[in-house]
Each structure stands twice: as C-alpha cells, then as structure tokens.
Amino acid sequence: QVQLVESGGGLVQPGGSLRLSCAASGSIFSINAWAWYRQGPGKQHDLVALIMAGGRTKYVDSAKGRFTISRDNGKNTVYLQMNSLRPEDTAVYYCNARVVTIPVANEYEYWGQGTQVTVSS
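Residues numbered from 1 in each chain as written. Predicted model: local features only at pLDDT ≥ 70, side-chain atom pairs only at ≥ 80, totals over all residues. Heavy atoms only, no water.

Caption draft 1: Local environment of the pattern of salt bridges. Summed over all chains, the structure comprises four salt bridges. Linked through salt bridges whose partners overlap, the residues forming this network are Arg38, Arg66 and Asp89. (Salt bridge = Lys/Arg side-chain N within 4 Å of Asp/Glu carboxyl O.)

Structure below.
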C-alpha cells in the first residue's frame, strides 16, 4: 500500500524558517494532488497549502508570501518551506496526498503521521 512519512518539524524562533518534507512510498502510479494541513492548540484542522496536478497552488491567507509548497514528482515528495514564522503558526502539520495506486489504479487519500512545529522565543 502507500505510506506518507513526514519530517522537518521542530522548534524555531519567531522570524525563523523550517522546511517540512513528506515522502510517499508504496504502490504509486501518480500523485494527483498534495496538501498540507495544520491543527494548532484549540484550533480547527485547516488547510494551509495545496498543489494540484497542473501545478496550481493555494494558500491560507495568513501563509501567503511566507509559505511555499512544492513537489518533486520523481521522489514522490512534497515540501512546505515556511519563512518568517510566527507563534501563531505553532501546530501539528499533516501532509495529505491523493494517490493513484498500482496495479488497480484506484485513487485514494492518504495522510502523514503529523509533525510538530513550535514557534517560540
């Protein structure tokens, strides 16, 4: 089957940067879309960034100009570059992928295990 493994979270000072990675492995034919979600303390599970098959991206308003989602199709990996981090960015970040599997070629949605991002001085 398919597994998503996240890495790159940690503790960073306000104004600092982190780069999250999420690597998919298993019976993958293609990945049609990637997304990053986050859930902060007492907050909803919200979409942060999305990249679609055609390369179009979408960001939550608070992330525009600070976060960049990108992908490496050859490595089946998505990244979230986070710059100018703020304390309110503190959350558990989850990657999400819509994966076309082989040999059946069905599309399934998979989630990473989550990685903690803490922004604090």
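Caption draft 2: Representation of the nonpolar core within the structure. Of all hydrophobic cores here, the largest spans 30 residues; its most connected members are Leu4, Trp34, Trp36, Phe67, Leu80, Met82 and Tyr93. Looking at this core, the elements that each hand over two or more residues are β1 (2-7), β3 (18-26), β4 (28-39), β5 (45-52), β7 (67-72), β8 (77-82), β9 (91-101) and β11 (115-119). In terms of residue count, β9 provides more of this core than any other element does, five residues in total. What phenylalanine 67 contacts, discounting residues up to four positions off in sequence, is Arg38, Val48, Tyr59, Leu80, Gln81, Met82, Asn83, Leu85, Asp89 and Tyr93. (Core = buried A, V, L, I, M, F, W, Y, C linked by side-chain atoms within 4.5 Å. Buried < 20%, exposed > 50% of the residue type's maximum accessible area, 1.4 Å probe, protein only. Helix = DSSP H or I, 4+ residues; strand = E, 2+ residues; numbered from the N terminus. Contact = heavy atoms within 4.5 Å.)

Caption draft 3: Structural detail: the side chain of aspartate 89. For aspartate 89, the location among the structural elements is in the loop between β8 and β9. When its relative accessible area of 1% is taken as the criterion, aspartate 89 is described as buried.

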